[in-house]
Amino acid sequence: METMKVETIAKEIIKPSSTTPNDLQTLQLSIYDHILPPVYTVAFLFYTKDDLISPEHSSQKLKTSLSETLTKFYPLAGRIKGVTIDCNNEGAVFVDAHVNNCPLSDFLKSPDFKTLQQLLPLDVIDNPYEAATTWPLLLVKATYFPCGGMAIGICITHKIADANSISTFIQSWAAMARGEAGEAVASPEFAAANFYPPANELFKFPVDENANKISKITKRFVLSASKLEELRTKAASEDFVARPTRVESVTALLWKAFVAAASSNKNACDMKVLIQPSNLRPKIPSLLPESLIGNIMFSSVVLSISQEEEVIIEKAVRDLRKKGDDLQNVIKDEGGSSSSMIGSKLANLMLTNYSQLSYETHEPYIVSSWCKLPLYEASFGWGSPVWVAGNVAPMLDNVTMLIDSKGGQGIEAFVTLPEENMMSFEQNTELLAFASVNPSVLI
């Protein structure tokens, strides 16, 4: 396949359709928002041709409904100033683009990640790291393929949006475009700093001095429903976990392959640690509604291993399950406490755990699950997406995103590793017994 060329047609600033009230002008960020790296949470939505709607019509529909949606999601049209967002109606960026030389079906035969980046709107800003901590907080790119298919690339700064938040935003925007805004979606709540303690500018989190210096690569690995079932059977054991979940099983398999791939790298740290962010909304539904926007996660080291050891999948699943149970017990022990008291306890726990890690001695891997988010339901009026992908941008070292395949039974893993590690990782025979490397997306 020849290299896909994406050409920008137009760039616009979209402002909220009505002005943000004075009493909502300032939004406080939480300590969790504050310590996150300066990147965007991104989602890609792909749609096949709709003969009834022209690109001009769908573009206008997207912009009008985005303007109306920004009235509810008003901080996304603002600007970050220190540890607050100035909700000043500055607006979001909307880019129209088209592909001249490649139908959507050809791209989806082998959707390589470098080309995927061209479908994000980050090329219209000078420095994405700086933009993610100032402005714009939301960027959208609608790209039209010659066959009539389209891709929507959405970037929301991670300083205010985790995966659940971007999903909530997409559901609201799609409902607005369909004319169903009132009945379909609960209004978003911007109150993350009422749960986790408010951010303090004096608080600095250690950063990895070598981050972004190593050449890294992202590849897609897909586990079909039948292979996942095989993997869950393999990961199960009478002594440990009788029936592991899909995400536990995939995480344990990937962890084993990460550790094996790193062992061939002479510069690797002695200790490998796996960090898993966990969405807290379903764990404390009485206090944290699904519509709560922000970084409502608990992030902790769930697995660790030294250079000489080898991962045993069944034991890794047991340890993952135990960490999940431990978190649930911490929450249960605080039963009856206020939202902010539970948030303070979890924040202290997280920061205490992280203070014991050092980039000199520990090599962190992150596996983040987007599974069960209803991204395949995002219909703007021309049907559901045929394919969905998610990640962060710019990419971060050793970060993997798990996302449901269409139909919700399989899992797609977007794995980012140093190039040297990836060469070994993608040839791991145990991994390849369950996962296919970048198979065609069937439409």
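Residues numbered from 1 in each chain as written. Predicted model: local features only at pLDDT ≥ 70, side-chain atom pairs only at ≥ 80, totals over all residues. Heavy atoms only, no water.

Peer 1: Let's hear about the packing of helix H2 (residues 55-72) against helix H6 (residues 163-178): which residues, and what values?
Peer 2: The geometry of H2 relative to H6 is characterised by a closest axis approach of 9 Å and an angle of 120° between their N-to-C directions. Classified by the interaxial angle, the pair formed by H2 and H6 is oblique. Here H2 and H6 pass one another in a crossing that is right-handed. Residues Lys61, Leu62, Ser65, Leu66, Glu68 and Thr69 of H2 form the contact with H6, whose participating residues are Phe169, Ser172, Trp173, Met176 and Ala177. The residue makeup of the contact of H2 with H6, split by class, is 6 nonpolar, 3 polar and 2 charged. (Axes fitted to C-alpha atoms, helices over the stretch in contact; angles between N-to-C directions. Helix = DSSP H or I, 4+ residues; strand = E, 2+ residues; numbered from the N terminus. Parallel < 35°, antiparallel > 145°, perpendicular 65-115°, else oblique. Left-handed = near helix turned anticlockwise from the far one by under 90°. Contact = heavy atoms within 4.5 Å. Nonpolar A, V, L, I, M, F, W, Y, C, P; charged D, E, K, R; others polar.)

Peer 1: Pulling in residues and values, what's your account of the pattern of salt bridges?
Peer 2: Counted according to the given criterion, the structure contains 21 salt bridges. When the shortest N-O distance is used, the salt bridge between Lys63 and Glu12 registers 2.7 Å. On the criterion of sequence distance, the pair formed by Lys63 in helix H2 and Glu12 in strand E1 (residues 6-14) is long-range, its members being 51 residues apart. Residue class for Lys63 comes out buried when judged on its relative accessible area of 9%. Assessed through its relative accessible area of 35%, Glu12 is described here as partly exposed. A salt bridge links Asp397 to Lys216, with the shortest nitrogen-to-oxygen separation between them at 3.2 Å. (Salt bridge = Lys/Arg side-chain N within 4 Å of Asp/Glu carboxyl O. Buried < 20%, exposed > 50% of the residue type's maximum accessible area, 1.4 Å probe, protein only.)

Peer 1: Give me the environment of Asp126: which residues, what numbers.
Peer 2: By the element assignment, Asp126 lies in the loop between helix H4 (113-117) and helix H5 (128-131). By relative accessible area, which is 83% here, Asp126 ends up exposed. Between the alpha carbons of Asp126 and Arg243 there is a distance of 48 Å; along the sequence they are 117 residues apart.

Peer 1: Before we move on, could you go through the sheet that holds E1 and cite the residues and values that matter?
Peer 2: Pairing is mixed across the open sheet formed by 6 strands, whose spatial order is E1-E6-E7-E8-E3-E13. Both edges of this open sheet fall to E1 and strand E13 (387-393), since each of them pairs with a single strand only. The average undirected angle you get between the axes of adjacent strands in this sheet is 15°. Where strand E7 (residues 138-144) and strand E8 (residues 150-157) come together, 7 bridges link them in antiparallel fashion. Paired with Ala142 across the bridge in E8 is Ile152. Contacting E1, strand E6 (92-99), E7 and E8, H2 crosses the sheet at an angle of about 165° to E7. Here H6 sits on the sheet in contact with strand E3 (40-47), E6, E7 and E8, set at roughly 130° to E8. (Pairing = 2+ DSSP bridges.)

Peer 1: Give me the sheet that holds strand E14 (residues 399-404): which residues, what numbers.
Peer 2: The strand order across the open sheet formed by 7 strands is E11-E10-E12-E14-E15-E9-E16, and the pairing between neighbours is mixed. Either end of the sheet is taken by a strand with one partner, and the two such strands are strand E11 (297-306) and strand E16 (436-437). Examined bridge by bridge, strand E9 (residues 216-223) and E16 share 2 bridges and lie antiparallel to one another. Considered in E16, the bridge of Val222 is made with Ser436. Across the sheet, helix H10 (residues 313-333) is in contact with strand E10 (271-279) and E11; its angle to E11 comes to roughly 150°.

Peer 1: Can you break down the packing of aromatic side chains residue by residue, with the values?
Peer 2: Inspection of every chain in the model, using the stated rule, returns 19 aromatic pairs. Where Tyr47 meets Phe380, the ring centres are 6.2 Å apart and the plane angle is 80°; that geometry is what we call edge-to-face. Of this pair, Tyr47 sits in strand E3 while Phe380 is found in the loop between strand E12 (362-369) and E13, placing the two residues 333 residues apart along the sequence. Through a chain of ring-to-ring contacts, three or more aromatic side chains come together here, namely Tyr47, Phe73, Tyr74, Phe169, Trp173, Phe190, Phe380 and Trp382. Positioned above the aromatic ring of Phe240, the side-chain terminus of Arg318 is 4.7 Å from the ring centre. (Phe/Tyr/Trp six-rings, centres within 6.5 Å; stacked < 30°, edge-to-face > 60°. Lys NZ or Arg CZ within 6 Å of the ring centre and 35° of its normal.)

Peer 1: Before we move on, can you summarise the pairing of E10 with the specific residues and values?
Peer 2: With 7 of 9 residues buried, E10 is to be regarded as a mostly interior element. Sheet topology note: the E10/E12 ladder contains 5 bridges and is parallel. Looking across to E12, one finds that Leu274 is bridged to Tyr365.

Peer 1: I'd love a proper account of the nonpolar core, names of residues and values included.
Peer 2: Among the nonpolar cores identified, the biggest contains 86 residues, and Phe46 and Ile154 are the most heavily contacted of them. Once residues within four sequence positions are removed from consideration, Phe46 is found in contact with Leu104, Phe107, Leu108, Leu116, Leu119, Met150, Ala151, Pro385, Val386 and Trp387. Core analysis: the next-biggest nonpolar cluster, separate from the first, contains 39 residues, Val247, Ala257, Val317 and Met422 among them. (Core = buried A, V, L, I, M, F, W, Y, C linked by side-chain atoms within 4.5 Å.)

Peer 1: How would you explain unusual backbone geometry if you had to name every residue and give the values?
Peer 2: The linkage connecting Trp135 with the following residue, Pro136, adopts the cis geometry, with an omega of 0°. Looking at the secondary structure, you find Pro136 in the loop between H5 and E7. Notably, Lys372 is not glycine yet its phi reads approximately 75°, a positive angle. Structurally, Lys372 can be placed in the loop between E12 and E13. Unusually for a residue other than glycine, Asn398 sits at a positive phi of about 55°. Examined against the element boundaries, Asn398 turns out to sit in the loop between E13 and E14. You can call Asn398 buried: its relative accessible area is 9%.

Peer 1: Explain the environment of Ala235 to me, and be specific about the residues and the numbers.
Peer 2: With respect to the helices and strands, the residue Ala235 is situated in helix H8 (residues 225-235). In this structure, the C-alpha to C-alpha distance between Ala235 and Gly179, residues 56 residues apart in sequence, is 45 Å.

Peer 1: Which residues make up the side chain of Thr416, and what values go with them?
Peer 2: With respect to the helices and strands, the residue Thr416 is situated in strand E15 (residues 411-418). Using a relative accessible area of 1% as the deciding quantity, one classes Thr416 as buried. A polar contact is formed between the side chain of Thr416 and the side chain of Thr218, at a distance of 2.7 Å. In this view, Thr416 contacts Lys216, Ile217, Thr218, Asn391, Met395, Leu396, Asp397, Asn398, Val399 and Thr400; residues no more than four positions away in its chain are not counted. (Polar contact = N/O pair within 3.5 Å; in protein donor to acceptor, adjacent residues only side chain to side chain.)

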